[in-house]
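Given next are the chains, with one letter for each unit.
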Amino acid sequence: MKRLPLVLLMLAAGIFLAFRSLGTTGKTDPPSKYERILQSIGEMLAQGHYQPKAIDDKFSKQVFQKYFEELDPEKNILMQEDVESLRRFDSKLDDEIKGAPVSFFLEVSKVFNKRIGEAEQITKDLLAKPFDFTKEESIVTDTKKLNFPSNQAQRIDSWRKRLKYMTLERFVELQDLREKAKDSTAKKTDAQLEKEARDKVVRAMNRTFERYRYKFNDDDKFAVYVNTVTQLMDPYTEFFPPADKRYFDEQLSGEFYGIGASLQYDDGNIKIASLITGSPAWKSQKIEVGDVVMKVAQGEGTPAELTGFAVEDAVKLIRGKQGSEVRLTLKKKDGTQETIALVREKIVQDEVFARSAVIDNGPGGKIGYIFLPEFYANFNDPNGSRSAVDVAKEVMKLKTAKVDGIVIDLRNNGGGSLYDVVQMAGLFIDEGPIVQVKDREGKPTVMRDKDGAVLYDGPLAVMVNEFSASASEIFAAAIQDYGRGVVIGSTSTYGKGTVQRSIGLDPENFMNQNSELGSVKLTLQKFYRVNGGSTQLKGVVPDVVLPDQYEYLRFREKDNTNALAWDEITKANYRTWNGDYDLSTIKNLSNARVNTLPAFQTIKQTTEWMSKQNDKEYPLNIEKYRSEQKVLKAKVQQLDSLLKLPQASALNISYLAQDKERFTADKDRSERYAQWLKNLSRDIYLDQAVKVVGDIRNQQAMARSGQPKKEKEAKAF
């Protein structure tokens, strides 16, 4: 990408000038960390963002309003009078972004902390008394329809309805359990169950307020403030404090330095959920599943208590630099406490890496299946895991197994490395452009597969859904535009067609992504299909569309008001693949199958019904609640059952012989892998993808045996 260095050079100059200007504003006090971060981010947005908005009074007013909503999304902590009392800032936030003293979020923080204490007392008072579930009233849960309360009575009533709804959910569950119980639970009265339900809500609210008190400090509120600014530009420009940046990189690479134990949240405690064989935690022989992690210390430093921490927060503390020491204070099952020192080692999460299996399709032949959860890459290690390399290995294994076709599953794959998706697409075409990339000023740069070799040239299908985004969409679009395979899935993919790059906020070395001030993942470019269209907003529309259970959810790019627009550029020069099959025939065969399967028709009807439930009010009357829940549960249960093939029709799927040791040496991993295969064997969408590959194979066989077929038009652009 030839223009990228120039963009980064401009950003480097901008950051340097931003820091320099902070020292010449005439202030007697040196700039705070917050001012240094915010101004350098403002410079980045102005000079480097693909499509920046003007940082002016209008933008300031948008930040002002959105920050309150981000800080208090359910609008039950702050009040409208708080917003009005801070209105003096609504046209000054652009000045803060440009170097003025940062004071708005600190003033909001003072008010917020005060209101948190008041809200905690309100919840305690309300939960001290039973709720009346016979009263006719309802609750609105759609935050877009809510306003901040205009007086104390509204605020209390808002909390009352929320707590009542939470209690109602638990009360009904306890009543249902009583009906099935054969022990002392069966003798409990409604009053006892209502009290038990309220106690559960009390514990849940205690955890919520503990998190506000112990974890949600000014640094956290500042991160929310900065991200309010960045995400008004677009949804993916994001500020990362140092610990969050490291965690993001670890998720992308599939590798981290830690102790090799997974954690889970259990009734207010962070517990050890499992241990990885051979890891520091496992080798210590002192850590057991079920141990409660009470404190975490960095070497001999002061321990941090995990009160109010979520699992992700605890994980960030336990992970760290290779060879560094971390000390865990554990509460054992017998009630004793023990502090254990461990040295962090490299932990590889190979279950997030590519893996494959073989489906014996009887007369339809053997179909290879490759699962790729993300386009991972370890940018800090030249020898680290790369998704394109790993997929190539899986393809080679499947070829050795003499499969008759391959299905690549990119469902729920949110993307990742742009370089790797280009390399991976090149495994299936001989050569040519894969994606076009453009910054806000330059001509598009074409990223190509140049090797001229094809690793696999057989029948190919690519599975996608609404959660397939970014790099997944590039791959699916390239396969579709070349006619190299058949894309199968929901009505469209997610629709993320932008490129981000992480940039450190260190002015001396801004390419240091692990800057002490944090980093910004900045949208610098937009990518386009080789046919010229963007995947932004519209996503990729599959060749074969199947009714999908997530269709009613509103979470695609097009549902975000700050998303960048769709556009198109000139087509790249490429030649389509002559696959010896007719796509229209493949579509017709698939549609004919789907139309005869009641499961898919019912899925479509059920998801349409569920889409109408998104914006409704929910009853707080127990009889009406039970009635609605009965219908909803029936719909959900029906949907769950339809998503599974009948046992008699289950796919015959198994792992490859060479993977046996990889997935069976560790008992826990072996059980998880066996469950994965079991779930795949009943997957109705995979079943349809396998049948599509079979259709491709049959058409190719007919063509190569000389039987008549409709010719595929090959176009060269």
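Structure: see above.
Just so it is clear, the model here is predicted, and its values are computed rather than measured.

What follows concerns the packing of aromatic side chains. Summed over all chains, the structure comprises 33 aromatic pairs. Consider the rings of Tyr34 and Phe105, whose centres lie 5.0 Å apart with planes at 90°: the pair is edge-to-face. Residue Tyr34 is located in helix H2 (residues 33-48), and its partner Phe105 is located in helix H6 (residues 104-126); the two are separated by 71 residues in the primary sequence. Residue Tyr34 is classed as buried on the basis of its relative accessible area, which comes to 13%. With a centroid separation of 5.5 Å and 35° between ring planes, the pair formed by Phe64 and Phe104 is classed as tilted. Of this pair, Phe64 sits in helix H3 (residues 57-71) while Phe104 is found in helix H6, placing the two residues 40 residues apart along the sequence. You'll find Phe64 and Phe104 in the same group, each marked buried. In this arrangement the basic side chain of Arg355 is found over the ring face of Trp676, its NZ or CZ atom lying 4.5 Å from the centre. A cation sits over an aromatic face here: Lys538 above Trp566, 3.7 Å from the ring centre.

The next thing to look at is the packing of helix H14 (residues 418-425) against helix H15 (residues 471-482). Close contact between H14 and H15 brings their axes to 9 Å; oriented N to C, the two are set at 25°. Taken together, the axes of H14 and H15 lie roughly parallel to each other. The handedness of the crossing between H14 and H15 is right-handed. Of H15, the residues touching H14 (which contributes Leu418, Val421, Met424 and Ala425) are Ala471, Ile474 and Phe475. Taken together, the residues of the contact of H14 with H15 break down into seven nonpolar, no polar and no charged.

In this structure the tally under the stated criterion is 45 salt bridges. Salt-bridge contacts for Asp659 lead to Lys397; the nearest nitrogen and oxygen are separated by 2.7 Å. Placement of Asp659 in the loop between strand S22 (652-654) and helix H19 (660-664) and of Lys397 in helix H13 (residues 387-400) is noted, with a sequence separation of 262 residues between them. Note that Asp687 is salt-bridged to Lys691, the shortest N-O span being 2.8 Å. Residue Asp687 and its partner Lys691 are both found in helix H21 (residues 684-704); the two are separated by four residues, about one turn of the helix. Residue class for Lys691 comes out partly exposed when judged on its relative accessible area of 32%. Each of the salt bridges in this network shares a partner with another, and the network as a whole consists of Glu81, Asp82, Lys114, Arg115, Glu118 and Arg155.

Conventions used here
- Per chain, residue numbering runs from 1 following the sequence as it is written.
- Only residues with pLDDT of at least 70 get local features here, since the model is predicted, and only at 80 or more are side-chain atom pairs given and counted; chain-wide, interface and lining totals rely on the full set of residues.
- Side-chain numbers here rest on the full set of heavy atoms in the structure, without hydrogens or water.
- Under the pairing criterion, centres of Phe, Tyr and Trp rings, with the six-membered ring standing for Trp, must be within 6.5 Å; the plane angle then separates stacked pairs below 30 degrees from edge-to-face pairs above 60, leaving the rest tilted.
- Strands here are runs of E lasting at least two residues and helices are runs of H or I lasting at least four, both read from the DSSP assignment and numbered beginning at the N terminus.
- When a residue's accessible area, from a 1.4 Å probe over protein chains only, is under 20% of the maximum for its type it is buried; when over 50% it is exposed; and in between it is partly exposed.
- The rule is short: NZ of Lys or CZ of Arg within 6 Å of the ring centre and within 35 degrees of the ring normal puts a charge over the ring.
- All axes are obtained by fitting lines to C-alpha atoms, using only the stretch in contact for helices, and the reported angles, taken between N-to-C directions, cover 0 to 180 degrees.
- Here roughly perpendicular refers to angles of 65 to 115 degrees, roughly parallel to angles under 35, roughly antiparallel to angles over 145, and oblique to all remaining angles.
- Handedness of each helix crossing follows the sense of rotation of the near helix against the far helix: counterclockwise by less than a right angle gives left-handed, clockwise gives right-handed.
- Residue contacts are defined here by distance: any two heavy atoms, one from each residue, within 4.5 Å place the two residues in contact.
- Throughout, the ten residues Ala, Val, Leu, Ile, Met, Phe, Trp, Tyr, Cys and Pro are labelled nonpolar, Asp, Glu, Lys and Arg are labelled charged, and all others, Gly among them, are labelled polar.
- Only one rule defines a salt bridge in this text: a Lys or Arg side-chain nitrogen within 4 Å of an Asp or Glu carboxyl oxygen.

Don't take any of this as a statement about function, it's just geometry.
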